[in-house]
Amino acid sequence: MKNFYHLRSYQMMHRIGVTVGAAIFITGCASTPAPVEQMAISKAAVSNASSAGGNEFAPLLLKSAMEKMDGAERAMAEKDYVRARQLAEQARVDAQLAGATARSAKAQKAADALQEDSRVLREEIDRKTK
């Protein structure tokens, strides 16, 4: 009876070992897929930030996004997909911030112009009522 349990324990350990080994082998063989979608999303974000006035209102952020996008493209060419994904994600975030900064600056500029127009109108009204 003792030998039976010893044999059964050995078989179970052997099966576990084979299963773990197979899992490690399969994981090792699986490669990281190319971040094609992330690259496209990041390129679009950089383009949107540029269109939103990033060059004028957030030049450093836009430059950072463009440099990271270039780095991501180089990493893609070198098939370093992990680094490409990281740089593309960083480029997207920088570009989104540049775009938001540019839109905010444009809105502030428009608000300032509207406030100035309102001030001029008030002065004109005050001058005519006197």
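Keep in mind it's a predicted model, so treat the numbers as computed, not measured. (Residues numbered from 1 in each chain as written. Predicted model: local features only at pLDDT ≥ 70, side-chain atom pairs only at ≥ 80, totals over all residues. Heavy atoms only, no water.)

Side note on helix 4 (residues 59–77)
Residue pairs spaced three or four apart in an α-helix point in one direction, given the helix's 3.6 residues per turn.
Piece 1. Taking 1.5 Å per residue, 19 residues should reach 27 Å; helix 4 reaches 27 Å between its end C-alpha atoms and fits that length.
Piece 2. Of all the residues in helix 4, the buried ones are Leu62, Ala65, Met69, Gly71, Ala72 and Ala75.
Piece 3. Here the buried face of helix 4 lies against helix 2 (36–51), helix 3 (54–57) and helix 5 (81–129).
Piece 4. After helix 4 finishes, the residue Lys79 shows a positive phi value of roughly 60°. (Helix = DSSP H or I, 4+ residues; strand = E, 2+ residues; numbered from the N terminus. Expected span 1.5 Å × (residues − 1). Buried < 20%, exposed > 50% of the residue type's maximum accessible area, 1.4 Å probe, protein only. Contact = heavy atoms within 4.5 Å.)

A few points about the packing of helix 4 against helix 5
Piece 1. Packing of helix 4 against helix 5 brings their axes to within 8 Å, and their N-to-C directions diverge by 160°. Of the possible angle classes, the one that applies to helix 4 and helix 5 is roughly antiparallel. Note on packing geometry: the crossing formed by helix 4 with helix 5 is left-handed. Judged by residue contacts, Leu61, Leu62, Ser64, Ala65, Lys68, Met69, Gly71, Ala72, Ala75 and Met76 of helix 4 engage Tyr81, Arg83, Ala84, Leu87, Ala88, Gln90, Ala91, Asp94, Ala95, Leu97, Ala98 and Thr101 from helix 5.
Piece 2. Along the lines of polarity and charge, the residues of the contact of helix 4 with helix 5 split into 15 nonpolar, four polar and three charged. (Axes fitted to C-alpha atoms, helices over the stretch in contact; angles between N-to-C directions. Parallel < 35°, antiparallel > 145°, perpendicular 65-115°, else oblique. Left-handed = near helix turned anticlockwise from the far one by under 90°. Nonpolar A, V, L, I, M, F, W, Y, C, P; charged D, E, K, R; others polar.)

Focus: the side chain of Asp94
Piece 1. Residue placement: Asp94 occurs in helix 5.
Piece 2. Asp94 sits in the buried class, given a relative accessible area of 12%.
Piece 3. Not counting residues up to four positions away in its chain, the partners in contact with Asp94 are Leu61, Ser64, Ala65 and Lys68.

Remarks on helix 2
Piece 1. In this model, helix 2 (16 residues) spans 23 Å end to end at C-alpha, consistent with the 22 Å of a helix rising 1.5 Å per residue.
Piece 2. Of the surrounding secondary structure, the elements contacted by the buried residues of helix 2 are helix 3, helix 4 and helix 5.
Piece 3. In the segment just after helix 2, Gly53 is the residue with positive phi, at about 105°.

Re the confidence of the model for the protein
Piece 1. Per-residue confidence for the protein averages 84 on the pLDDT scale, and 77% of its residues sit at or above 70.
Piece 2. Across the protein, element-level confidence peaks in helix 4 with a mean pLDDT of 96 and bottoms out in helix 1 (residues 2–29) with 57. (pLDDT = per-residue confidence, 0-100.)

Some details on the pattern of salt bridges
Piece 1. Inspection of the entire model under this criterion finds seven salt bridges.
Piece 2. Linking Glu116 and Arg119 is a salt bridge whose minimum nitrogen-to-oxygen distance equals 2.3 Å. A residue pair is termed a helical-turn pair when its members lie 3 or 4 positions apart in one helix, as Glu116 and Arg119 do in helix 5 at three residues.
Piece 3. When its relative accessible area of 33% is taken as the criterion, Arg119 is described as partly exposed.
Piece 4. Note that Arg127 and Glu124 form a salt bridge whose closest N and O atoms lie 2.5 Å from each other. Of this pair, Arg127 and Glu124 are both found in helix 5, three residues apart, which corresponds to roughly one turn of the helix.
Piece 5. Given the relative accessible area of 31%, Glu124 is considered partly exposed.
Piece 6. Via salt bridges that share partners, Glu116, Arg119 and Glu123 belong to a single interconnected network. (Salt bridge = Lys/Arg side-chain N within 4 Å of Asp/Glu carboxyl O.)

Some remarks on the packing of helix 2 against helix 4
Piece 1. Relative to each other, helix 2 and helix 4 sit at 155°, their axes nearing to 10 Å. The angle between helix 2 and helix 4 places the two elements in the roughly antiparallel class. Between helix 2 and helix 4 the crossing geometry is left-handed. From helix 2, Val36, Met39, Ser42, Lys43, Val46, Ala49 and Ser50 reach across to helix 4, where they touch Leu62, Ala65, Met66, Met69, Ala72, Glu73 and Met76.
Piece 2. Across the contact of helix 2 with helix 4, the residue classes break down as 10 nonpolar, two polar and two charged.

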